[in-house]
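Coordinate analysis (summary)
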Amino acid sequence: MDIIFASSNKGKILEVKKIFDGSIFNIISLYDLSGVPEIEETGDTFKENSLLKAKTIYEMHNKPAIADDSGLEIFQLGNKPGVYSARYAGENCSYDDNNNLVINQLQKFPEPHKARFVSCAVYFDGSSEFHFEGFLNGRIIKSPRGTNGFGYDPIFIPDGYDVTLAEMTVEAKNKLSHRAIAFNGLKQKLLKLL
Ligand code: IMP
């Protein structure tokens, strides 16, 4: 069964394709289709934004769609950057810009800088619509480490580990991540519906 993953983020696409690998679901990325549309994230919550992405792509292609809206919540920063994680340091900023801003903002707070990643994964096919959330708790470090993954991975160490997400393989990250928890929930539900 073909499902379109409504994301232009290559890091997310790699992770989500691996979660569905070997199942009856064939995950098609926007890069495999006619183009990657800019979808403005106008919602105030992860759920609103992920539904917006899945519905937009469903309407464009008339095929079942899944989407994820995700972000980092840092407790000492009042849960920022939250839904603004992608553009925390401004429109068109780089991952490094975001990481540097977070590190600077945390300078005045004592360690540990506790945080969590959140992912809301949504499925939409024109009639059925459901979502699953996943969380990953950990802490932010001052010096980025590792080159795998994307986004805030180089500055995030999950609880119970001493390596950052960017020092893990995608397979290792998929054993514990917020996104893996959310999409494994979605996958199990889809399998039951078939
Ligand atoms: P969006 O879901 O497209 O709005 O973007 C989510 C943003 O949150 C990404 O651009 C990253 O900055 C951050 N983010 C979400 N999940 C992860 C993750 O697994 N690792 C690192 N950063 C993440």
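Structural notes, computed from the coordinates.

Definitions and limits used
- Residues numbered from 1 in each chain as written.
- Predicted model: local features only at pLDDT ≥ 70, side-chain atom pairs only at ≥ 80, totals over all residues.
- Heavy atoms only, no water.
- Helix = DSSP H or I, 4+ residues; strand = E, 2+ residues; numbered from the N terminus.
- Rg over C-alpha atoms; globule rule 2.2 N^0.38 Å.
- Buried < 20%, exposed > 50% of the residue type's maximum accessible area, 1.4 Å probe, protein only.
- Contact = heavy atoms within 4.5 Å.
- Areas by Shrake-Rupley, 256 points an atom, 1.4 Å probe, with all protein chains shown as cover.
- Lys, Arg positive; Asp, Glu negative; His and termini not counted.
- Charge placed at Lys NZ, Arg CZ, Asp CG, Glu CD.
- Near = heavy atom within 4 Å.
- Polar contact = N/O pair within 3.5 Å; in protein donor to acceptor, adjacent residues only side chain to side chain.
- Salt bridge = Lys/Arg side-chain N within 4 Å of Asp/Glu carboxyl O.
- Expected span 1.5 Å × (residues − 1).

1. Examining the overall build of the protein
- The helix and strand tally for the protein stands at 5 helices and 7 strands.
- Ordered by position from the N terminus, the helices and strands of the protein form the series β-α-β-α-β-β-α-β-β-β-α-α.
- A compact globule built from 194 residues would reach a C-alpha radius of gyration of about 16 Å, and the protein, at 16 Å, matches this within 12%.
- C-alpha extents for the protein along the principal axes are approximately 50 × 30 × 25 Å.
- Counting all 194 residues of the protein, 48% fall into the buried class.
- In the protein, of all internal contacts separated by at least 6 residues, the share reaching a separation of at least 24 is 59%.
- Just so you have it, the protein exposes about 9600 Å², and 48% of that area is on carbon and sulfur atoms.
- Here the protein carries 22 positive and 25 negative side-chain charges, and the mean point of each set is 4 Å from the other.

2. Side note on the site of the ligand
- Taken together, 18 residues lie around the ligand, and Lys12, Glu41, Asp153, Lys173 and Arg179 are the ones closest in.
- Contact distances for the ligand include 2.6 Å between an oxygen atom and a side-chain N or O atom of Lys12.
- With respect to the ligand, the side chain of Asp69 contributes an N or O atom lying 3.1 Å from an oxygen atom.
- Only β3 (65–74) and α5 (178–193) provide two or more residues apiece to the shell around the ligand.
- Ranked by residue count, the leading element in the shell around the ligand is β3, at 4 residues.

3. Observations regarding helix α1 (residues 10–20)
- The set of residues buried in α1 consists of Gly11, Lys12, Ile13, Glu15, Val16, Ile19 and Phe20.
- The elements touched by buried residues of α1 are β1 (2–5), β2 (26–29), α2 (46–61), β3, α4 (170–173) and α5.
- By the N-cap criterion, in which a side-chain oxygen at the helix start approaches the backbone nitrogen of a residue two or three places on, α1 is capped by Asn9, the distance to Gly11 being 2.9 Å.
- Count one or two residues on from α1 and you reach Gly22, which has phi positive near 80°.

4. Regarding the pattern of salt bridges
- Applying the stated criterion to the full structure yields 15 salt bridges.
- Across the pair Lys55 and Glu129 runs a salt bridge whose closest N-O atoms are separated by 3.6 Å. Taken together, the positions of Lys55 in helix α2 and Glu129 in strand β6 (residues 129–140) put the pair 74 residues apart, joining distant regions of the chain.
- Under the relative-accessibility criterion, Lys55 is labelled partly exposed at 29%.
- Judged by relative accessible area, Glu129 falls into the partly exposed class, the value being 39%.
- Overlapping salt bridges, with partners in common, bring together Lys12, Glu15, Asp68, Asp153, Lys173 and Arg179 in one network.

5. Concerning α5
- An ideal rise of 1.5 Å per residue puts 22 Å on 16 residues; α5 measures up with 23 Å between its terminal C-alpha atoms.
- Among the residues making up α5, those that are buried are His178, Arg179, Ala180, Ala182, Phe183, Gly185, Leu186, Lys187 and Leu190.
- Contact partners of the buried residues in α5: β1, α1, β3, β5 (113–124), β6 and α4.

6. Remarks on the side chain of Lys187
- On the secondary structure map, Lys187 appears in helix α5.
- Buried Lys187, no salt bridge; nearest opposite-charge side chain is Asp21, N-O distance 9.1 Å.
- Polar side-chain contacts of Lys187 include one of 2.9 Å to the backbone oxygen of Ile19.

7. Describing unusual backbone geometry
- Cis peptide bonds are those with omega within 30 degrees of zero, and the linkage from Lys80 to Pro81 qualifies with 0°.
- Inspection of the secondary structure assignment puts Pro81 in strand β4 (residues 80–81).
- Cis geometry is found at the peptide bond from Glu111 to Pro112, where omega equals 5°.
- Among the secondary structure elements, Pro112 is positioned in the loop between α3 (95–106) and β5.
- The backbone of Asn62 shows a phi angle near 55°, a positive value even though the residue is not glycine.
- Its identity as a non-glycine residue notwithstanding, Asn92 has a phi of 60°, on the positive side.

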